[in-house]
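# Structural overview
The primary structure of each chain is shown beneath.
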Amino acid sequence: RDPFQVDKWVKILLQERRRMMESFCLLPICEKVYPTDANFFLAKMTDAQSIYNYLVERGIIVRNRTRVTLCNNCLRVTIGTKTENNELLSALRQY
């Protein structure tokens, strides 16, 4: 109902998506980040299953897409709030 509020949310989402994708590219455990126009991105990891398990133990949920054709060792990461995104990045930096 409020197009200005929607525009604000979209702007924040785009900023967070760009920040998250750039941050993932800097992680030693990330091999590639695939381009996207969605509110999520796909990242090829060194060992997606192990990283997925590690994140779940910390209460952080991403989608393990390893079993999907052409997505071996990939995690799908949905863009969250800045706080949620920081928590994910912090956990991955400690992996």
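Coordinates for the structure precede this section.
In this report, the structure presented in the accompanying data block is examined.

Here is what the cut-offs are and how they apply
- Residues numbered from 1 in each chain as written.
- Predicted model: local features only at pLDDT ≥ 70, side-chain atom pairs only at ≥ 80, totals over all residues.
- Heavy atoms only, no water.
- Salt bridge = Lys/Arg side-chain N within 4 Å of Asp/Glu carboxyl O.
- Core = buried A, V, L, I, M, F, W, Y, C linked by side-chain atoms within 4.5 Å.
- Buried < 20%, exposed > 50% of the residue type's maximum accessible area, 1.4 Å probe, protein only.
- Helix = DSSP H or I, 4+ residues; strand = E, 2+ residues; numbered from the N terminus.
- Contact = heavy atoms within 4.5 Å.
- Pairing = 2+ DSSP bridges.
- Axes fitted to C-alpha atoms, helices over the stretch in contact; angles between N-to-C directions.
- Arc of directions from axis to C-beta.
- Parallel < 35°, antiparallel > 145°, perpendicular 65-115°, else oblique.
- Nonpolar A, V, L, I, M, F, W, Y, C, P; charged D, E, K, R; others polar.

## Here's the deal with the pattern of salt bridges
On inspection of all chains with the given rule, the structure shows two salt bridges. Arg 58 is paired through a salt bridge with Glu 57; the nearest N and O atoms lie 3.6 Å apart.

## A few points about the nonpolar core
Counting 23 residues, the largest nonpolar core has Phe 24, Phe 41, Met 45, Leu 55, Leu 88 and Leu 92 as the members making the most contacts within it. Among the secondary structure elements, those contributing two or more residues to this core are α1 (3-26), β1 (30-33), β2 (40-45), α2 (48-57), β4 (74-78) and α3 (82-94). Among all residues touching Phe 24, those that are not within four sequence positions of it are Cys 30, Val 33, Phe 41, Ala 43, Met 45, Val 77, Leu 88, Leu 89 and Leu 92.

## Looking at the sheet that holds strand β3 (residues 63-64)
Strand order across the open sheet formed by four strands is β1-β2-β4-β3, with antiparallel pairing between neighbours. Each edge of the open sheet is held by one strand with a lone partner, namely β1 and β3. Both β1 and β2 contribute to a ladder of three bridges, which runs antiparallel. Looking at β2, one finds that Lys 32 is bridged to Lys 44. On the sheet, α1 packs against β1, β2 and β4 and is oriented at approximately 0° with respect to β2. Contacts from α2 reach β2, β3 and β4, with the element oriented near 40° to β4.

## Looking at α2
Among all positions in α2, only Ala 48, Ile 51, Tyr 54 and Leu 55 are buried. The buried residues of α2 occupy one face: seen down the axis, they fall within an arc of 130°. Against the buried residues of α2 lie β2, β3, β4 and α3.

## Here's the deal with the packing of α1 against α3
Two elements in contact, α1 and α3, have axes separated by 11 Å at closest approach and are oriented at 0°. Between α1 and α3, the angle is such that the two are roughly parallel. On the side of α1, the interface is formed by Glu 16, Arg 19, Met 20, Ser 23 and Phe 24, while α3 contributes Lys 82, Asn 85, Asn 86, Leu 88, Leu 89, Leu 92 and Arg 93. When the residues that make up the contact of α1 with α3 are grouped by side-chain class, the tally is five nonpolar, three polar and four charged.

On their own, these measurements won't tell you what the molecule is for.
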